[in-house]
Structures are given as structure tokens and as C-alpha cells.
Amino acid sequence: MTGLMNRLMPLLKIGAILLLTVLLLIPMVRIQGLIRERQALRDGVVQEIARSAAYAQTLTGPLLIVPYTRKLQEQQLDANQRLVTVNREVSGELRLLPATLDLGGRLETEERQRGIYRARIFNADTKLQGRFDIPANYGIDSDVASYSFGPAHLVLGISDIRGIGNALALQANGARVNFQPGTGTLLLGSGVQAPLSLAAVAAAQTLDYQIELKLQGTGDFQVTPVGRDSHVKLTSNWPHPSFAGEFLPRAREVKADGFSAEWQTSFFATNLEEALARCEPSADSNNPSCVDFRTRHFGVSFIDPVDQYLKSNRAAKYAFLFIGLTFAGFFLFEVLRRYSVHPVQYGLVGLSLAMFFLLLLSFSEHIGFAAAYAVSATACVGLIAFYVRYVLASRAHAAAFGGALAALYGLLYGILSSEDYALLMGSLLVFGLLGAVMVLTRKVNWARVGELHGP
């Protein structure tokens with residue numbers, strides 16, 4: 001009977017360890033929920049700061065808008081069913097894109113803090129310049145006499161005009177024209193406009209423009225490449241840019257103190273002229289026919305790609321691995337060194353491991369993720385090593401166990417800090433640890449493990 005119990009003991013111990021591991025995942029689920037809750041609070045603060053400063057910014061333009069009224073004659077049947085000619089007027093606007101658009105800008109980022117939460121805003125100092133090639137009669141080739149053109153104006157779409165930081169003025173063929181609020185067109189929504197005095201409608205002409213714009217925003221800075229030939233160059237002090245949109249930069253350089261990026265597009269790549277032509281003359285920006293035009297932009301995002309909450313959440317996903325490996329280490333000591341570890345001791349060590357993730361979240365909100373990780377890992381490794389010293393009744397074994405646990409925390413930090421190789425590093429870690437266990441237990445006779453603690 002005693003021999004049978006000795007043989008069953010390893011199975012019972014393994015079952016108890018597995019049950020403890022599953023039970024310890026319950027507080028880990030609660031901790032993950034807490035991470036999501038704190039992240040939602042942070043996102044709410046970011047939105048509040050953006051609401052008081054400015055949201056993400058998208059520049060669309062400049063465009064040349066020419067309102068018109070057209071007289072049409074139509075044949076209709078009158079009340080006596082006779083065919084009569086009826087005069088009718090329709091109103092609309094012509095929308096001309098620039099031949100060239102050259103935008104250069106410097107974007108400086110800064111942090112705004114509310115409580116323990118921070119939001120990142122940018123201040124863009126930009127300069128737009130280029131040329132409009134205006135065809136005769138604004139490109140109307142047939143039935144020109146039926147058109148009556150209103151005064152043209154140059155418009156610049158700015159998604160959140162609260163971020164404008166200077167008195168905007170347009171340099172048009174050397175003349176200075178002050179911008180006015182609103183675009184005067186449904187196509188762009190919010191923005192600014194500047195009235196123009198063009199020399200002659202019936203003759204082709206060129207309009208050179210230059211605009212200096214200081215703009216504040218939060219999160220994203222996007223540009224719509226409206227020119228037949230568009231060139232955009234941006235520099236910033238933000239070292240972790242995320243380039244987004246329809247087009248990636250042709251050239252970019254990312255350093256520890258910032259980045260520079262350069263985009264070059266043409267109508268052949270953007271097809272914006274055709275997209276604008278499909279947009280009905282009286283349609284607004286939300287009209288389905290204008291979707292292609294209003295969504296073809298590119299730019300940069302200033303959001304931290306791996307922030308403290310994302311790292312904490314990713315760390316919590318490795319909780320099962322941490323707990324399982326630590327318990328496996330205890331079990332290996334039992335098997336290889338003939339120690340006896342009680343399930344309660346397994347549970348206390350497991351709870352210490354779970355506390356690491358809670359400490360990590362708490363400290364990271366105040367001192368940053370790297371410092372929080374060092375403090376939390378040191379506290380947990382020290383506590384567990386101190387406890388294992390008495391569980392295993394050996395300072396050397398406790399030091400070895402603590403060292404192995406510290407190395408595991410170090411490897412996890414490397415995985416969490418990697419944006420592109422996290423999965424590869426995690427897979428190699430698990431494979432390496434499995435190989436180490438197999439090497440250490442290669443000479444163990446598992447059929448007689450139950451006899452190790454027998455009389």
C-alpha cells in the first residue's frame with residue numbers, strides 16, 4: 001500500500017500544481033481588467049486634453065474654388081401639352097487643384113499632464129507653396145456664354161481650426177491677402193479662405209501661392225497631396241514615428257533625437273484629379289462620391305507604439321509562463337534534490353509572482369515603465385529568494401533560484417521592449433527553457449520518482 005501511495009504522490013503533486021496554476025490565473029484576469037480600466041481612463045484624459053487644445057490634424061489644400069451660375073434652356077410640356085422653352089439657372093462651383101504643392105514643416109512634440117496621466121501634442125511650423133496653372137475660362141470648353149463666374153477664392157482645409165496659431169495670410173503672386181474663417185465650400189468643411197482678384201477669366205494664367213501656417217494638434221498630422229506634383233518634407237523631435245496613410249515616405253531617417261521624412265507623389269499615383277471630378281459640384285465631404293478624395297492622405301502619428309499600458313498588458317499575458325516555469329523549477333528541485341515543497345508554499349510563491357504585475361502597473365503610472373519594471377522585479381525576486389531560502393533550507397539553492405528568476409524577468413523585459421521581434425523572442429525563450437528542462441531531467445527515472453521521498 002505504501003509503495004502504491006509513493007507512486008501516486010508525483011501524480012497528486014503535479015495535479016495540485018496544475019490546479020494552483022489555474023487558480024492563480026483568476027487574480028491575473030482581474031489585473032488585466034484593471035490594466036484595461038486604467039488605460040481607458042488615460043485615453044479619456046487624452047481626449048479631454050485634445051478637446052481643450054486640438055484634435056488630430058489633416059491639411060487638405062490649397063484648392064481654388066470658383067462659384068458659378070449657369071443659365072440653361074430646357075424643353076418642357078405646359079398645361080396644354082405644348083412644348084415650350086423654359087429658362088433655368090443652376091449654381092455650383094469649380095474646384096481646381098494646384099499644379100505643384102511643396103510643404104515643409106517642423107513638428108515639435110510636448111507633453112501635457114493632468115493628474116498622473118499625460119498626453120502628447122505637437123506644434124507644427126509649416127510652409128506651403130506652389131503654383132496654380134489656371135486654364136482659360138477655368139477649364140470650361142463648351143457653352144462658356146451660359147456661365148457667370150463669381151469671385152474666386154483659395155481655400156485650405158484644416159480639420160480642427162482651433163489649432164491655428166498665427167494670423168494666416170496668403171502671398172498670391174506677390175500680393176498679401178488675409179485669410180478669412182470658413183472655406184465657403186462643402187467639400188472641405190472646416191478651414192480658411194482667401195479671396196482672389198484674378199486678372200482675366202478668359203485667359204490662361206498662373207497663380208503662385210505661399211502660406212505660412214502654425215498648427216497645434218494631438219496624435220496625428222496628415223496631408224492630402226492635392227498637387228499634380230506634391231512634395232512634403234517633415235522633421236520632428238519625436239523618435240518613434242508611425243507613418244500612416246495611403247503613401248509611405250520615399251525617404252526617412254529615424255534617430256534617437258527625432259526623425260525626418262520626405263514624400264513625393266504625382267497625379268499618376270494619387271489619381272486625385274479623377275477622384276475630385278467624381279465628387280459632385282454641390283456635394284459635401286460626407287457625400288459617397290467624395291470618399292476617395294477625402295481619404296487619400298498620408299502623414300505621421302505621434303502615439304507611443306508601445307506605451308506603459310500596452311507593455312503591462314503584454315507582460316500579464318506571460319503570467320502563465322512565469323507561474324508555470326517557477327512551479328516547474330520547484331518541482332525539479334523536488335525531483336533532483338529530493339526536497340519536499342508543500343502546495344501552500346507553491347501558492348504563496350505564485351501569489352508573489354502575481355503581485356509583480358500589479359506592482360508593475362502601479363509604479364509605471366508614476367515613474368515610467370522601465371523604472372517600474374526594475375523596482376517590481378527586484379522586490380519580487382528578493383521576496384521569493386528570501387522565502388525559498390527557508391523552503392529549500394539552502395542559501396545556495398535560494399540564490400540560484402533567485403538568479404534564474406531574475407534572468408527570466410530580464411528576458412521578459414527584452415521581449416516587452418521589442419516592437420517587431422516579440423513573438424520570435426518569446427518562442428525562442430520557451431523553446432530554450434524546454435530544452436533546459438529536458439537536459440536536466442535526461443537521467444531521471446520517472447517510473448521511480450515516487451520513491452524519492454519514500455522511507
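Residues numbered from 1 in each chain as written. Predicted model: local features only at pLDDT ≥ 70, side-chain atom pairs only at ≥ 80, totals over all residues. Heavy atoms only, no water.

Overview of the packing of aromatic side chains
Here is step 1 of the chain: Inspection of the entire model under this criterion finds 19 aromatic pairs.
Here is step 2 of the chain: Ring centres of phenylalanine 356 and tyrosine 373 lie 5.4 Å apart, and the angle between their planes is 90°; on these two criteria the pair is classed as edge-to-face. Within this pair, whereas phenylalanine 356 is found in helix H7 (residues 343–367), its partner tyrosine 373 is found in helix H8 (residues 369–391), the two being separated by 17 residues in sequence. Assigned by exposure class, phenylalanine 356 and tyrosine 373 land together as buried.
Here is step 3 of the chain: Each ring, one from phenylalanine 386 and one from tyrosine 390, has its centre 5.4 Å from the other, and the planes form 70°; the classification is edge-to-face. Placement of the pair is phenylalanine 386 and tyrosine 390 together in helix H8, with a separation of 4 residues, close to one helical turn. Of the two residues examined, phenylalanine 386 and tyrosine 390, each falls in the exposed class.
Here is step 4 of the chain: Ring pairing ties together the aromatic residues Phe122, Phe221, Phe243, Phe247, Phe259, Trp263, Phe298 and Phe302, which thus form one cluster.
Here is step 5 of the chain: Over the ring of tyrosine 390 we find arginine 389, and its NZ or CZ is 5.1 Å from the ring centre. (Phe/Tyr/Trp six-rings, centres within 6.5 Å; stacked < 30°, edge-to-face > 60°. Helix = DSSP H or I, 4+ residues; strand = E, 2+ residues; numbered from the N terminus. Buried < 20%, exposed > 50% of the residue type's maximum accessible area, 1.4 Å probe, protein only. Lys NZ or Arg CZ within 6 Å of the ring centre and 35° of its normal.)

Quick notes on the side chain of threonine 265
Here is step 1 of the chain: As for its placement among the helices and strands, threonine 265 is situated in strand S16 (residues 258–266).
Here is step 2 of the chain: On the basis of relative accessibility, which here comes to 5%, the residue threonine 265 falls in the buried class.
Here is step 3 of the chain: With sequence-adjacent residues up to four places away left out, threonine 265 is seen in contact with Pro225, Arg228, Asp229, Ser230, Phe247, Thr270 and Phe298. (Contact = heavy atoms within 4.5 Å.)

Details of the sheet that holds S16
Here is step 1 of the chain: A sheet is described by the order of its strands in space; here 8 strands give the open sequence S8-S7-S11-S4-S3-S13-S16-S15, paired in mixed fashion. The open sheet is flanked by strand S8 (175–178) and strand S15 (251–255), the only strands paired with a single partner. Averaged over all adjacent pairs, the angle separating strand axes in this sheet is 15°, with direction ignored. (Pairing = 2+ DSSP bridges. Axes fitted to C-alpha atoms, helices over the stretch in contact; angles between N-to-C directions.)

Some thoughts on the confidence of the model for the protein chain
Here is step 1 of the chain: The predicted model of the protein chain averages 82 in pLDDT, with 88% of residues at 70 or higher.
Here is step 2 of the chain: Between the elements of the protein chain, mean pLDDT differs from a low of 73, seen in helix H6 (residues 319–337), to a high of 96, seen in strand S13 (residues 229–236). (pLDDT = per-residue confidence, 0-100.)

Description of the environment of glutamate 111
Here is step 1 of the chain: Within the secondary structure layout, glutamate 111 lies in strand S3 (residues 100–114).
Here is step 2 of the chain: Each C-alpha atom, one on glutamate 111 and one on isoleucine 121, is 6.3 Å from the other, the two residues being 10 residues apart in sequence.

Topic: unusual backbone geometry
For residues other than glycine, phi is negative in most cases, and the peptide bonds are mostly trans.
Here is step 1 of the chain: The omega angle of the peptide bond from glycine 61 to proline 62 is 5°, so this bond is cis rather than trans.
Here is step 2 of the chain: Within the secondary structure layout, proline 62 lies in strand S1 (residues 57–77).
Here is step 3 of the chain: The phi angle at tyrosine 138 is positive, at roughly 55°, despite the residue not being glycine.
Here is step 4 of the chain: Tracing the chain through its elements places tyrosine 138 in the loop between strand S4 (117–134) and strand S5 (147–149).
Here is step 5 of the chain: Judged by its relative accessible area of 6%, tyrosine 138 is buried.

Section: the pairing of S16
Here is step 1 of the chain: Alignment of S13 against S16, held across 8 bridges, turns out to be antiparallel. Across the sheet, residue valine 232 finds its bridge partner in S16, namely tryptophan 263.
Here is step 2 of the chain: In terms of strand pairing, S15 meets S16 through 5 bridges, oriented antiparallel. Each residue of the ladder has a partner; that of glutamate 253, found in S16, is serine 260.
Here is step 3 of the chain: Hairpin connection between S15 and S16: a loop of 2 residues separates the two successive antiparallel strands.

Section: H8
Here is step 1 of the chain: If you check H8, its first and last C-alpha atoms are 32 Å apart, about what 23 residues at 1.5 Å a residue would give, namely 33 Å.
Here is step 2 of the chain: For H8, every residue scored as buried is listed here: Phe369, Ala372, Tyr373, Ser376, Ala377, Cys380, Val381, Ile384, Val388 and Val391.
Here is step 3 of the chain: In the stretch just after H8, alanine 393 is the one whose phi turns positive, near 55°. (Expected span 1.5 Å × (residues − 1).)

Here's the deal with the pattern of salt bridges
Here is step 1 of the chain: Enumeration according to the criterion identifies 15 salt bridges in this entry.
Here is step 2 of the chain: One salt bridge connects glutamate 365 with arginine 38, and the closest N-O pair in it is separated by 2.8 Å. Of the two residues, glutamate 365 sits in helix H7 while arginine 38 sits in helix H1 (residues 2–52), which places them 327 residues apart along the sequence.
Here is step 3 of the chain: On the accessibility criterion, glutamate 365 (6% relative accessible area) is buried.
Here is step 4 of the chain: With its nearest N and O atoms 3.3 Å apart, the salt bridge here joins lysine 255 to glutamate 253.
Here is step 5 of the chain: Looking at glutamate 253, the relative accessible area reads 42%, which means it is partly exposed.
Here is step 6 of the chain: One salt-bridge network, held together by shared partners, links Glu274, Arg278, Asp292 and Arg296. (Salt bridge = Lys/Arg side-chain N within 4 Å of Asp/Glu carboxyl O.)

Things to note about a nonpolar patch on the surface
Here is step 1 of the chain: A surface patch of nonpolar side chains, amounting to about 290 Å² of accessible area, comprises Leu19, Leu23 and Ile26.
Here is step 2 of the chain: You can see isoleucine 26 is positioned in helix H1.
Here is step 3 of the chain: Exposure remark for isoleucine 26: the relative accessible area of 52% places this residue in the exposed category. (Patch = residues over 30% accessible without salt bridge, like charges linked within 9 Å, V, L, I, M, F, W, Y side chains within 5 Å. Areas by Shrake-Rupley, 256 points an atom, 1.4 Å probe, with all protein chains shown as cover.)

Points about the side chain of serine 146
Here is step 1 of the chain: Looking at the secondary structure, you find serine 146 in the loop between S4 and S5.
Here is step 2 of the chain: Within the local environment of serine 146, its side chain forms a polar contact with the side chain of arginine 70, the two groups lying 3.3 Å apart. (Polar contact = N/O pair within 3.5 Å; in protein donor to acceptor, adjacent residues only side chain to side chain.)

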